[in-house]
Amino acid sequence: MVRGTKVRYDVVTINKFLKTDFQDLEAQSCTYFELKDKDDFDPDKLAKVLCIPGKSYVKAKESNKAYKFKKDALRTITQISMSFAFSNVAPTLHTSNLNRQRASLIYCILANIPINIGKVISDKIHSLPSSKNFGEEDSTDKPLVFPALIIALCAYQRAKMFVRSLKSLKKLITKEED
């Protein structure tokens, strides 16, 4: 609630605001979510797109299903896409390598595979503030994720927001010469 107006930030609302192809409830599934959660995940397929030729991923020792794509093995375009995605679409504090989920997102971006971006953002808005790795658990100083999007959604849904008026100076400030 923002000053008496319920502001929605669910998948459908975000997709409508961003004018994506995933504006219907039926279209919320996409290749990215299928790929990142797949049991028969194929890291070699991702490595062909993400990595420098001759370099690849690292398999985690503790699990047969965990893979890491280290930053020094990634193509330049992959690293640029990472910077964009982790700053604007799926914020994360850990950007030195790609885990399975983040690698799947970057793969879909580079392979031009449609992504339900509203679901990615909505999931992040809901999950990050409660994440153990996102500031102190009992802390009140956790960062607000997607502040510009949230403000834009408030405006889009006509929530009354407090706006400070800027007062103009009556006289120009000049340095007086002696």
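The structure reproduced in this document is the subject of the present report. (Residues numbered from 1 in each chain as written. Predicted model: local features only at pLDDT ≥ 70, side-chain atom pairs only at ≥ 80, totals over all residues. Heavy atoms only, no water.)

Attention now goes to the overall build of the protein chain. Counting secondary structure elements, the protein chain contains seven helices and three strands. Ordered by position from the N terminus, the helices and strands of the protein chain form the series α-α-α-β-β-α-β-α-α-α. Taken across its 178 residues, the protein chain has 33% of its residues classed as buried. A separation threshold of at least 6 residues defines the contact pool for the protein chain, and within that pool the share at least 24 residues apart is 64%. Accessible surface for the protein chain amounts to roughly 12,500 Å². Of this, 52% is attributable to carbon and sulfur atoms. (Helix = DSSP H or I, 4+ residues; strand = E, 2+ residues; numbered from the N terminus. Buried < 20%, exposed > 50% of the residue type's maximum accessible area, 1.4 Å probe, protein only. Contact = heavy atoms within 4.5 Å. Areas by Shrake-Rupley, 256 points an atom, 1.4 Å probe, with all protein chains shown as cover.)

So, about the sheet that holds strand β3 (residues 97-98). Spatially, three strands are ordered β1-β2-β3 in an open sheet, and the strand pairing comes out antiparallel. For this open sheet the edge positions go to β1 (58-59) and β3, each flanked by a neighbour on one side alone. (Pairing = 2+ DSSP bridges.)

One pass over the structure, following the stated rule, counts three aromatic pairs. Their ring planes at 70 degrees and their centres at 4.8 Å tell us that tyrosine 32 and phenylalanine 33 sit as a pair that is edge-to-face. Each member of the pair tyrosine 32 and phenylalanine 33 is classed as buried. The ring of phenylalanine 86 carries the charged tip of arginine 102 above its face, separated from the ring centre by 5.9 Å. Between lysine 119 and the ring centre of phenylalanine 33, over which it is positioned, the NZ or CZ distance is 5.0 Å. (Phe/Tyr/Trp six-rings, centres within 6.5 Å; stacked < 30°, edge-to-face > 60°. Lys NZ or Arg CZ within 6 Å of the ring centre and 35° of its normal.)

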